[in-house]
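Breakdown of the fold
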Amino acid sequence: MQLSRTGQQLSSHSGIMQLMEDLGKALTVHPNMRMLGGGNPAQVPQMVAEWRNQLQQLLDHGDDVDRMLGNYDPPQGNPRFLHSLADYLRRNCQWDVTEANLAVVPGGQAAFFLLFNMLAGEREDGSLAKIMLPLIPEYIGYRDQCLAEDAFVTVRPKVELQDAHRFKYRIDLPALERRLDDSIAAICFSRPTNPSGNVLTSDEVERLQSIAAARHIPLIVDNAYGNPFPGAIFADHADLVWNDQMIFSLSLSKLGLPGTRTGIVVAKPEITRALTQAMAIMGLANGNVGQRLVTPLLEDNRLNDLVRNYLRPFYANKSQRAEAVIRQAFGDQFDYRIHVSEGAFFLWLWFPRLKCTSLELYQRLKDRDVLVVPGEYFFFGDGAVEQDGDWTHQRQCVRLTFSQNDQIVKEAVEIIADEVKKMSDE
């Protein structure tokens, strides 16, 4: 069989495919694997109980189950869900939105595939439109999503050392503005950033908004881990702003519903209409189970209580405990750094004296029943980062998830520390 160029591109090796394959094998083929590599949410007891309760209520009213499973929703999303979510965002976020500003998609990954390929690629005049990612490292799942080659423009971050074992990435705004030209069709970032847990400050977001508005291009914010839900954000500088020059992505996955594959895009109506048209072509309609489970929590505002009282403190505490385990395992004298944990489910580790690449470290750890995600996959773009072979930082980092139970995290971190110390030059 001979594949088209698009077919070859979509079926080629990718970091996100390796990540998901490892996740699947860890759950089936290697049940003893210490899985610190995926993005699965934790089993938060209160959320598990809530979803079971919602399912039981559906079962108690058999007609509701029959309608949910036996009908297609419109391609834009379930009408009741759209109405409830628009009302929720007006009420809790003070966003001036209606149902016309919302489009449901089968997960955030699909949302960004559609958005990137609607905005980036060959224009009518033959020029190439590109997506600017202002802060690298950035989400591994973006890397292979643009069908056009060389469609990402990236800027190396400033690395701010905070103490002996902590650091933080900052946007290099002057470098970013130098890279801007007429080819840039949108600016996109995740907040909190996957992989580092970085949260762009309100000033940084405001500056990016100004830059995007001056060029009449959208500012895309991937909010898979942030506010208003799931609220896995620990920084106090995370103002929640939206206007019709922004495209905002939300997800039900990190509420504990990854299997429902439900993402939401908040944007001006011409964008949500385009996404709805694409959904009709690609899949007729979206899955409706996640929408149906969450709708009652939007309507009575219980979702806010769950986020504030359970989800946010749960992940903040998990992050603190994981960092304490790392500090104990590596000790005060070893040269390692942890990115300041401001949100999401991950810790991002930098080993400045690592003699091997993070890909090699990943394989050595895999052989010892520990899965992490190698840092190389998160540094990508048009050449501003990748082709600079002197910047060893991009090959010295790994991402760990702390959503597993504490004992698994402790065992895995101790193995990581042992292996990193063997592979470092001190």
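In short, a report on the structure.

Calculation criteria
- Residues numbered from 1 in each chain as written.
- Predicted model: local features only at pLDDT ≥ 70, side-chain atom pairs only at ≥ 80, totals over all residues.
- Heavy atoms only, no water.
- Phe/Tyr/Trp six-rings, centres within 6.5 Å; stacked < 30°, edge-to-face > 60°.
- Helix = DSSP H or I, 4+ residues; strand = E, 2+ residues; numbered from the N terminus.
- Buried < 20%, exposed > 50% of the residue type's maximum accessible area, 1.4 Å probe, protein only.
- Lys NZ or Arg CZ within 6 Å of the ring centre and 35° of its normal.
- Pairing = 2+ DSSP bridges.
- Axes fitted to C-alpha atoms, helices over the stretch in contact; angles between N-to-C directions.
- Parallel < 35°, antiparallel > 145°, perpendicular 65-115°, else oblique.
- Contact = heavy atoms within 4.5 Å.
- Nonpolar A, V, L, I, M, F, W, Y, C, P; charged D, E, K, R; others polar.
- Left-handed = near helix turned anticlockwise from the far one by under 90°.

Considerations on the packing of aromatic side chains
- Tallied over the entire structure, the rule returns 22 aromatic pairs.
- Seen in terms of ring centroids, phenylalanine 152 and phenylalanine 380 are 5.6 Å apart; in terms of plane orientation they differ by 80 degrees. Their pairing is edge-to-face. With a gap of 228 residues between them, phenylalanine 152 in strand β5 (residues 152-154) and phenylalanine 380 in the loop between β15 (373-374) and β16 (397-401) connect regions that are remote in the sequence.
- The exposure class of phenylalanine 152 is buried, given its relative accessible area of 5%.
- An aromatic cluster is present here, built from Phe112, Phe116, Tyr139, Tyr142, Phe152 and Phe380 joined pairwise through their rings.
- The positively charged end of arginine 399 is found above the aromatic ring belonging to phenylalanine 346, 3.8 Å away from the centroid.

Observations regarding the pairing of β16
- Of all the five residues making up β16, five are buried; the element is thus mostly covered by neighbouring parts of the structure.
- The pairing of strand β13 (residues 346-350) with β16 spans five bridges and is classified as antiparallel. In the sheet register, phenylalanine 346 faces β16, and the bridge partner there is threonine 401.
- Where β15 and β16 come together, two bridges link them in antiparallel fashion. Bridge pairing in β16 places proline 374 opposite valine 398.

Some thoughts on the packing of helix α10 (residues 289-299) against helix α11 (residues 302-330)
- Running from amino to carboxyl end, α10 crosses α11 at an angle of 90 degrees, the nearest separation of the two axes being 5 Å. With respect to their mutual orientation, α10 and α11 come out roughly perpendicular. Residues Pro296, Leu297 and Leu298 of α10 form the contact with α11, whose own contacting residues are Arg302, Leu303 and Leu306.
- Class assignment of the residues belonging to the contact of α10 with α11 gives a composition of five nonpolar, no polar and one charged.

Points about the packing of helix α5 (residues 79-93) against α10
- Taken N-terminus to C-terminus, the directions of α5 and α10 make an angle of 35 degrees; their axes are 9 Å apart at the nearest point. Relative to α10, the crossing made by α5 is left-handed. Between α5 and α10, the contacting residues are Arg80, Phe81, Ser84, Leu85, Tyr88 and Arg91 on the first element and Gln291, Arg292, Val294, Thr295, Pro296, Leu298 and Glu299 on the second.
- Residue classes in the contact of α5 with α10 are distributed as six nonpolar, three polar and four charged.

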